[in-house]
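Results of the structural survey
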Amino acid sequence: MRIDAERVFSAHDHAACRQATLERAEEIVAVEGLRLTPVRRRTLEILLESHQALGAYEVLDRLVASGFARQPPVAYRALDFLVDHGLAHRIRRLNAFAACMRPGEPHRPAFLICDTCQAVAEAPGTAVADAMLAAAGAVGFEIERMSLEAVGRCPACREARA
């Protein structure tokens, strides 16, 4: 099985990738009895346009270009909904958001952020998260929130520099 990072950092059928993720998100929302309103759906589509994280105001600008009113609270509520329901992730290092590429699957992603092309990929982070929890527990520290993020260069950008 290819991990998400391999798919993001290599050539792939992004249209199929985007469509499959959107369809899975629609299934999840339906099963949970929630609504993927037009602004929520368009926000998710915007996040799925590329494997890059976008700031809330970048999302807002694209919503406005799609015909929605320029209302920052609407964009923030749509992003919060997507994050709260596992359809998007907040990338704290970038103060931005990225679509979840594994919606509906329990996982602890570690985010690999290319500082050259700005691609963001989810990699399996369970082992790292478990190590952090164990280290914290050993000193009596209780972790309330954990974000696993690494900044570096993707294979294409590393090759371009060589």
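Please refer to the structure higher up on the page.
Quick look at the structure, then. (Residues numbered from 1 in each chain as written. Predicted model: local features only at pLDDT ≥ 70, side-chain atom pairs only at ≥ 80, totals over all residues. Heavy atoms only, no water.)

**A look at the overall build of the protein**
Heads up, the rule is: Labels follow the DSSP assignment, with helices taken as runs of H or I lasting at least four residues and strands as runs of E lasting at least two, numbered in each case from the N terminus. Our radius of gyration looks at C-alpha atoms and nothing else; its globule reference is 2.2 Å times the residue count to the power 0.38. For every residue, the accessible area (1.4 Å probe, protein chains only) is compared with the maximum for its type, and the residue is labelled buried under 20%, exposed over 50%, or partly exposed between those bounds. For the area figures, the Shrake-Rupley method with a 1.4 Å probe applies, and any residue is considered shielded solely by the protein chains shown. Counted as positive: Lys and Arg. Counted as negative: Asp and Glu. His and the chain ends are not counted at all. To locate a charge, the coordinates of NZ of Lys, CZ of Arg, CG of Asp or CD of Glu are taken.
Counting secondary structure elements, the protein contains seven helices and five strands. In sequence order, the secondary structure elements of the protein are arranged as α-α-α-α-α-β-β-β-β-α-β-α. For 162 residues, the compact-globule formula gives about 15 Å, and the C-alpha radius of gyration of the protein, at 17 Å, lands near that figure. Counting all 162 residues of the protein, 36% fall into the buried class. As presented, the protein carries roughly 9,300 Å² of accessible surface, and 52% of it is formed by carbon and sulfur atoms. Taken as two groups, the 20 positive and 21 negative side-chain charges of the protein have centres that lie 4 Å from each other.

**Looking at the packing of helix α3 (residues 38-47) against helix α5 (residues 72-84)**
Axis angle and axis distance: for two packed helices, these are the angle between their axes and the distance between the axes, and together they describe the pair. Worth spelling out the cut-off: Between N-to-C directions, angles cover 0 to 180 degrees, with each direction set by a line fitted to C-alpha atoms, over the stretch in contact for helices. Roughly parallel covers angles under 35 degrees, roughly antiparallel covers those over 145, roughly perpendicular covers 65 to 115, and oblique covers all other angles. The contact criterion used throughout is that any non-hydrogen atoms of two residues lie within 4.5 Å. Residues are grouped as follows: nonpolar covers Ala, Val, Leu, Ile, Met, Phe, Trp, Tyr, Cys and Pro; charged covers Asp, Glu, Lys and Arg; every other residue, Gly included, is treated as polar.
Across the interface, α3 lies against α5 with an axial gap of 9 Å and an inter-helix angle of 75 degrees. One element, α3, and the other, α5, form an angle in the roughly perpendicular class. Contacts between α3 and α5 involve V39, R40, T43, L44 and L47 from the former and V74, A78, L79, F81 and L82 from the latter. Split by residue class, the contact of α3 with α5 holds eight nonpolar, one polar and one charged.

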